[in-house]
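Take a look at the letters that make up each chain.
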Amino acid sequence: MKPDISALLDDELEPGAASRTIDALRREKELQEAWNVYHLIGDALRRSPGYSHDLSAKVMARLMEEPVLFVPAALPKRTRLRFALPLAAAVMGMAAVGWVALSLNAPQPHELAARQRPSSQPVVHPAEQSPSGALKEYLVAHQAHSPSGGIQGVAPYVRSVSEIRQGGRP
Amino acid sequence: MKRALVLLALGGALVAPAYSDQHGDALAWLQKMAAAAQKLNYTGTFTYQSGGSSETSRITHLVDAAGEQEKLEVLDGSPREVVRSNDEVKCFLPDDKVVIVENRGQYKAFPALLPASVSNLGEYYQIRKGDVSRVAGLDSQLVILEPRDALRYGHHLWADVNSGLILKARTINERNETIEQFAFNQLQINGIIDRETLKPRFDSEGKAWRIHNARASQSLSAGSDWLFKVQLPGFKKSAGMKRQARRGSGTETTHFVFTDGLASISVFIEPLADQKAEKATYSVGAINVYKRAAGKHLLTVLGEVPMATLMRLGDGMEPRKK
């Protein structure tokens, strides 16, 4: 049911499925919580100023019991949360919640990112960081026309092939 | 007063050669590194670290009558390989069963680039020698390139004192943090290398592999219908190409390269297939990627420079009105 909640949040459900999901939401407390958490995640990811701290306190209490996934890079400026992808939802949700936990606790969440970025820059969630095939080819083409290849030989190409593995991570 | 001026002038005369010697010496080291990378036979393993992950690869370089052969094999995880035979580079991605084939451009030779851009490089980077230390059991000379503005990253390069080969390379951001590092763990220079070891382990002729071979042709007119409203100081357009689209979809991509002599930025312009394209950013090691839609085109701007640099260039692009 939870994937349906996230799909509902992203307005990706058929009308029939949407009303069934809303009915279920009315009935089940657990789903209501999921709904709230997804909103909180969405707000935090989009850096909306007014996400609820009351709710976050409750969420935080539950999070203390959950494992935290450290997310290597960063987050989207805005845009659709891809919770609708049923399989990815659980993993992504956890990664994102982990990040929310960190960001609520830490004064400077970006300190935790392996690579630091000024907060004004749009950044993309790692789960969305699986560049298309075209991008891999672009990386190789870029490398081939870079002067740094001349002083380091073929070594920098390791980036073009390493990226596959990064994109494959949850 | 007059005496003070004379002293000043003398002082200046004494200081200036010391500075230029330092600078010139560091540039000579860069030349030496470039020459070593092309002329030496070597084989060794290096560790590549970025953003908390690290991978070890074996690299082998052979120069003989047939030219330059080079091979990189990733030893951790999926056995990816990059094989270069003179100007042709093949990247084998066994997980995807894909081979990406690319022909290197005119930047195959860094020394050829250096003389023209020596002054440029010094204009945008402060170049100096650092300490001598040991890397992979060899004495190495550190050369530091510190950017003079926020448009580029800093680079620390450690070169083998004897051969000039780069033993360690680090990319540094504006907060003086390492964002990427290559470092040899073990290296054998000028040993005997069996040519067989440079062959790819995969047979890309096999039916299971898909070959992505974008045919690029230099084009003087490439991108003349695009306006770059923002000029990045020090980055000069070094190439313009038309790329034949992938897998016969019939579209054509324009590829520009801008370089300051060390770092480079590629801009790819392709027709936008669907209208859903949203702004997106990615990163791979020190390479950042910025994507955005511009009218009916998708722009992909990438390079080993800070994201803000890519955005300045990419956001300043627009199609010329006809």
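A.B. asks: Teacher, can you tell me more about the pattern of salt bridges here?
C.D. replies: Where charged atoms from two side chains of opposite charge come close, those side chains can pair. In total, this model carries 18 salt bridges over all chains according to the counting rule given. A salt bridge links A:R26 to A:D23, with the nearest nitrogen and oxygen atoms 2.9 Å apart. Separated by 3 residues within a single helix, A:R26 and A:D23 lie in helix α2 (residues 15-27), roughly one turn from each other. For B:D64, the salt bridge identified is with B:R195, shortest N-O distance 2.6 Å. Of this pair, B:D64 sits in strand β2 (residues 53-64) while B:R195 sits in the loop between β11 (178-189) and β12 (210-213); the two residues are 131 residues apart in sequence, bridging distant segments of the chain. Look at B:D64 and you get partly exposed, because its relative accessible area is 31%. Given the relative accessible area of 35%, B:R195 is considered partly exposed. One network of salt bridges, in which partners are shared, links B:E68, B:E70 and B:R84.

A.B. asks: Would you mind showing me how to read the nonpolar core here?
C.D. replies: Looking at soluble globular proteins, one finds that nonpolar side chains tend to be buried together. Of all hydrophobic cores here, the largest spans 67 residues; its most connected members are B:F46, B:I265 and B:V267. The dominant element in this core, judged by the number of residues it contributes, is helix α1 (residues 2-39) of chain B, at 6 residues.

A.B. asks: Even after reading the chapter, I still don't get the sheet that holds strand β1 (residues 42-50) of chain B, so can you show me in this structure?
C.D. replies: Neighbouring strands of a sheet are bound in pairs by backbone hydrogen bonds; such pairs are parallel or else antiparallel. All names here are of chain B. Read from one edge of the open sheet, 12 strands run β7-β8-β9-β10-β11-β1-β2-β3-β4-β5-β6-β12, paired in mixed fashion. Two strands bound the open sheet, and with one partner strand each, they are β7 (125-135) and β12. When strand polarity is set aside, the average angle formed by the axes of neighbouring strands in this sheet is 15°. Pairing analysis gives 9 bridges linking β1 to β2, with the strands arranged antiparallel. Opposite T45, over in β2, you have R58 as the bridge partner.

A.B. asks: It is not clear to me how the sheet that holds strand β16 (residues 252-259) of chain B should be interpreted in this structure. Could you clarify?
C.D. replies: Residue and element names in this part refer to chain B. Judged by pairing direction, the sheet is antiparallel, and its 7 strands sit side by side in the order β13-β15-β16-β17-β20-β19-β18 without closing on themselves. Edge positions in the sheet fall to β13 (216-218) and β18 (280-284), since each of these pairs with one other strand and no more. This sheet shows a mean twist of 20° between the axes of neighbouring strands, independent of strand direction. Taken together, the 6 bridges between β16 and strand β17 (residues 264-271) define a ladder with antiparallel strand orientation. Within β17, the residue paired with T259 across the bridge is S264. With respect to the sheet, helix α3 (residues 307-315) is in contact with β16, β17, β18, β19 (287-294) and β20 (297-303), its orientation differing from that of β19 by roughly 25°.

A.B. asks: Help me understand the packing of aromatic side chains, please; the structure alone is not making it clear to me.
C.D. replies: Here a ring pair, both rings aromatic, is described through the centre-centre distance and the interplanar angle of the planes. Residue and element names in this part refer to chain B. Counted by the stated rule, this structure contains 11 aromatic pairs over all chains. For the pair F228 and F258, a centre-to-centre distance of 5.3 Å together with 65° between the ring planes defines the contact as edge-to-face. Here F228, found in strand β14 (residues 226-228), pairs with F258, found in strand β16; they are 30 residues apart in sequence, far enough to count as distant. Judged by relative accessible area, which is 9%, F258 ranks as buried. Following the ring pairs from residue to residue traces out a cluster consisting of Y42, F46, Y48, F182 and F184. Between the NZ or CZ atom of K168 and the centre of the ring of W158, over which it lies, the distance is 4.5 Å.

A.B. asks: Just to check I follow, could you spell out the confidence of the model for chain B for this structure?
C.D. replies: Residue and element names in this part refer to chain B. Here chain B averages 84 in pLDDT, and 84% of its residues register 70 or above. A low-confidence stretch, residues 5-17 stays under pLDDT 50, and its non-local contacts, those more than four residues away or across chains, total 1 contact. Between residues 107-116, whose pLDDT stays under 50, and residues either more than four places distant or in other chains, the model counts 28 contacts.

A.B. asks: How should I be thinking about the pairing of β11(B) in this particular structure?
C.D. replies: Within a regular strand, the side chains alternate between the two sheet faces. All names here are of chain B. Sheet topology note: the β1/β11 ladder contains 9 bridges and is antiparallel. Along β11, the bridge assignment pairs T45 with Q186. When strand β10 (residues 166-172) meets β11, the two strands line up antiparallel, connected through 5 bridges. Bridge pairing in β11 places K168 opposite A183. Once β10 ends, the chain turns through 5 residues before running back antiparallel as β11, passing N176 with a positive phi of about 65°.

A.B. asks: Looking at this model, I keep getting lost on the side chain of B:T171. Mind explaining?
C.D. replies: Relative to the elements of secondary structure, B:T171 occurs in strand β10. For B:T171, the residues in contact, after removing those within four places along its chain, are B:Y153, B:G154, B:H155, B:E177, B:T178, B:I179, B:E180 and B:A286.

A.B. asks: Would you mind going over the side chain of B:H255 with me for this structure?
C.D. replies: Its place among the elements puts B:H255 in strand β16. Of note is the side chain of B:H255, whose polar atom sits 2.9 Å from the side chain of B:S266.

A.B. asks: Quick question: what am I supposed to make of unusual backbone geometry here?
C.D. replies: Peptide bonds are, in most cases, trans, and in most cases residues other than glycine have a negative phi. Residue and element names in this part refer to chain B. Of note in this structure, A136 is not a glycine but carries a positive phi near 50°. Within the fold, A136 resides in the loop between β7 and β8 (138-147). Classification of A136 by relative accessible area gives partly exposed; the value is 26%. A positive phi angle, near 65°, is found at N176, a position not held by glycine. With respect to the helices and strands, N176 occurs in the loop between β10 and β11.

A.B. asks: Hey, could you run me through helix α1 (residues 2-9) of chain A in this one?
C.D. replies: Each turn of an α-helix holds 3.6 residues, which means side chains three or four residues apart point in the same direction. Taken as a whole, α1(A) has its buried residues at A:I5, A:S6, A:A7, A:L8 and A:L9. Note on α1(A): the residue one or two positions beyond its end, A:D11, has a positive phi of about 60°.

What counts, and where the lines are drawn
- Residues numbered from 1 in each chain as written.
- Chains lettered and ligands numbered in written order.
- Predicted model: local features only at pLDDT ≥ 70, side-chain atom pairs only at ≥ 80, totals over all residues.
- Heavy atoms only, no water.
- Salt bridge = Lys/Arg side-chain N within 4 Å of Asp/Glu carboxyl O.
- Helix = DSSP H or I, 4+ residues; strand = E, 2+ residues; numbered from the N terminus.
- Buried < 20%, exposed > 50% of the residue type's maximum accessible area, 1.4 Å probe, protein only.
- Core = buried A, V, L, I, M, F, W, Y, C linked by side-chain atoms within 4.5 Å.
- Pairing = 2+ DSSP bridges.
- Axes fitted to C-alpha atoms, helices over the stretch in contact; angles between N-to-C directions.
- Contact = heavy atoms within 4.5 Å.
- Phe/Tyr/Trp six-rings, centres within 6.5 Å; stacked < 30°, edge-to-face > 60°.
- Lys NZ or Arg CZ within 6 Å of the ring centre and 35° of its normal.
- pLDDT = per-residue confidence, 0-100.
- Polar contact = N/O pair within 3.5 Å; in protein donor to acceptor, adjacent residues only side chain to side chain.

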